[in-house]
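# An overview of the molecular structure
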Amino acid sequence: MANLTSAFASLQCAGAMHVGKVHMQASGLPFLSFRRCAQLDISRLGSMPRFMGATSATVSQHVRHRVRAIRASTLSCFQDDTTKFFDFVVIGSGVAGLRYALEVSKHGSVAIITKAEPHESNTNYAQGGVSAVLCPSDSVESHMKDTIVAGAYLCDEETVRIVCTEGPERVKELIAMGASFDHGEDGRLHLAREGGHSHNRIVHSADMTGREIERALLQAVDNDDNISLFGHHFAIDLLTCQKNGEIHCYGADSIDIKTQKVVRFISKVTLLASGGAGHIYPTTTNPPVATGDGIAMSHRAQAVISNMEFVQFHPTALSDEGLPIKPTTKRENAFLITEAVRGDGGILYNQSMERFMPLYDDRAELAPRDVVARSIDDQLKKRGENYVLLDISHKPRDKVLAHFPNIAAECLRYGLDITRQPIPVVPAAHYMCGGVRAGLQGETNVKGLYVAGEVACTGLHGANRLASNSLLEALVFARRAVQPSIDHMVDADAGASLAERWARPTLPSPSALGGGALSDIVARTRQTRTELQTVMWEYVGIVRSTGRLKQAEWKIGDLESEWEEFLFRRGWTPTMVGIEACEMRNLFCCAKLVVKSALARRESRGLHFTEDFPYLEESRRKPTVIFPAAVQELTWSSKPLQRQLQCK
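Here the structure is a predicted model, which means the values were calculated and not measured.

### Considerations on the environment of Thr338
When you line up the elements, Thr338 lands in the loop between strand S13 (311-318) and helix H9 (340-343). Judged by relative accessible area, which is 3%, Thr338 ranks as buried.

Put into structure tokens, the structure is as follows:
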């Protein structure tokens, strides 16, 4: 991938910020008068997450954090309880958002908007670890090569070098902040190995690495008085204006889920760290919050989107169908069986206990994820089976339990002992390699808007993400976005004069819609969501074809039109917002971006395999890019709720 600067030369953001205390003296707004908050009524967000297989004592130990959750009613020192002013707004509370917030809070007031509980992010569910060159026998060049090979040579080499070079220092920073990783008997960090890696370089905390990183970062956020964390706030759309031919971002509107109010966040700098879009598919390892909100908001704000065809299906999610005791309720997200199980010697078999990976790739179980997922998919289709088996039982029992305690506990809940029996597994949607196109410092073509983590397309992953490179990328780009964000804050106008110029979204009420309409709309939206997910799995799955992609395009278009027509016929208006409806419009938006990008790539590369063009084409070794000018759709999901302002 060429550098972002070669695609559009003006991706340089300047900005800076001034820091105020979390009891908000509204720094950077010299022409507004705010009284200092003498006392804040602060509640704590401390409810337990749904960690499968963990005892209440374990949950308490790992995730009992005292994260400051400042509710709308406590911020009386602001203009009103539905408009809030900060130097920086961070959307998302995973590793990228939290790490960025901790750095920029040294220079200004920070609001973190998070959709559910602070810990409910993709980071928290990341099992494997963070890849980094920390062993003398390893090298940056080797890590780069593994990344580029896994990415099917579509990676941006400069980005890869930056991430692999800066990664070790970012891991050391986490350790200094209190993150605890596993050590070997020699006292050194225990480095695991996963598919696609030529060396042991995965720093981990058993099979719960993401949870440990999230715990350490949330604790640091809790201790930072310049950071306000707004839990249960669902970001709706970015607030933008056009000035001198460029688009500028000044924050976002959100729904306070608990108070059912629309809350507007005005900021000089906005970082999107909202994760991916796994729930465009019926089965995903992503938590329920991963509905593509950041990607869709950015697309509607006219940000450049890239490489959306590359959806990574993790080869090994737990198949509930193959468990001795079936779960009584359907999971909201599939339980992940980490890549590290195969890295530790796990072997894949079909249900006849025939090992099949050597038939597909010389690297067998250690092949990159795209190869393993397609191989499993082929076995399932040929044999008419619904899952394959991953066996680690030939390894010493004590080592299996030490390395994979969370997986062992979860499987044992359903009658399966992984030290004696193979694990039933099936591929599931896992990670978006594409997203909002970012430069080398997380900048986008929208001034004041930065991206980090899964929502971003930095060029690191190319056509397929190398195992455990996602947390690494999030750490590196969260840190790289800091200085340009500070610079931009210094130079940016506050946006306060614009705060009331954008139309206010409205929440529906039974009185406004008429009796029963609201419940009918929610029911129809949930049905539509299931239908969209089915279309995506059947027509835009692991193996694709031009014909099926075109069918998906038509079906999604018809489904969206029917859904919107139903909403507006029942009294919904274009400025109305609700959680289910807004998630649905984001899912439609992301699904269409995936299909459009997949149709544009007329070759098979990495995660995108099409029967019509089954080979790599060197002439097509370039990213797919969706520019704002290409947006011609007039559907509700493709338009921002607020019109773009013209600013002086």
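### Brief notes about the sheet that holds strand S19 (residues 456-457)
Across the sheet, four strands lie side by side as S19-S17-S12-S22; this open sheet has mixed pairing. In this open sheet, the two edge strands, each paired with only one partner strand, are S19 and strand S22 (625-626). Relative to strand S17 (residues 435-437), strand S12 (residues 305-306) runs antiparallel, the two sharing two bridges. Note that in S17 the partner of Ser306 across the bridge is Gly435.

### So, the layout of surface pockets
The gaps left among the atoms become clear once a water-sized probe is rolled over them. Approximately 690 Å³ is the volume found for the second largest pocket. Along the walls of the second largest pocket sit 29 residues, with Thr283, Asn386, Val426, Pro427 and Trp537 positioned nearest its centre. Of all the elements in the fold, those that place two or more residues in the lining of the second largest pocket are S13, helix H11 (369-383), strand S16 (423-432) and helix H17 (517-539). A per-class count over the lining of the second largest pocket returns twelve nonpolar, seven polar and ten charged.

### Focus on the packing of aromatic side chains
If you walk through the whole model with that rule in mind, you get eleven aromatic pairs. Their ring planes at 75 degrees and their centres at 4.9 Å tell us that Phe230 and Phe265 sit as a pair that is edge-to-face. Of the two residues, Phe230 is situated in strand S8 (residues 227-230) and Phe265 in strand S11 (residues 261-272); the sequence distance between them amounts to 35 residues. The class for Phe230 is buried, based on a relative accessible area of 0%. Looking at Arg465, its charged tip hangs above the ring of Tyr431, at a distance of 4.3 Å from the centre. We note Arg524 situated over the ring of Phe566; from NZ or CZ to the ring centre the distance is 4.8 Å.

### Description of the packing of H17 against helix H19 (residues 579-600)
Two quantities define a packed helix pair, namely the angle between the axes and the distance from one axis to the other. Here H17 crosses H19 at 20 degrees, and the two axes come no closer than 10 Å. Between H17 and H19, the crossing angle belongs to the class labelled roughly parallel. Considering how the two elements wind past one another, H17 and H19 form a crossing that is left-handed. Judged by residue contacts, Val522, Thr525, Arg526, Thr528, Arg529, Leu532 and Met536 of H17 engage Glu580, Ala581, Glu583, Met584, Leu587, Phe588, Ala591, Val594 and Val595 from H19. A class-by-class count of the residues in the contact of H17 with H19 yields ten nonpolar, two polar and four charged.

Conventions used here
Residues numbered from 1 in each chain as written. Predicted model: local features only at pLDDT ≥ 70, side-chain atom pairs only at ≥ 80, totals over all residues. Heavy atoms only, no water. Helix = DSSP H or I, 4+ residues; strand = E, 2+ residues; numbered from the N terminus. Buried < 20%, exposed > 50% of the residue type's maximum accessible area, 1.4 Å probe, protein only. Pairing = 2+ DSSP bridges. 1 Å grid on protein atoms, 1.4 Å probe; cavity = no way out; pocket = protein on both sides within 12 Å on 5 of 7 lines; lining within 4 Å. Points joined across faces, edges and corners; volume = space filled by probe spheres on them. Nonpolar A, V, L, I, M, F, W, Y, C, P; charged D, E, K, R; others polar. Phe/Tyr/Trp six-rings, centres within 6.5 Å; stacked < 30°, edge-to-face > 60°. Lys NZ or Arg CZ within 6 Å of the ring centre and 35° of its normal. Axes fitted to C-alpha atoms, helices over the stretch in contact; angles between N-to-C directions. Parallel < 35°, antiparallel > 145°, perpendicular 65-115°, else oblique. Left-handed = near helix turned anticlockwise from the far one by under 90°. Contact = heavy atoms within 4.5 Å.

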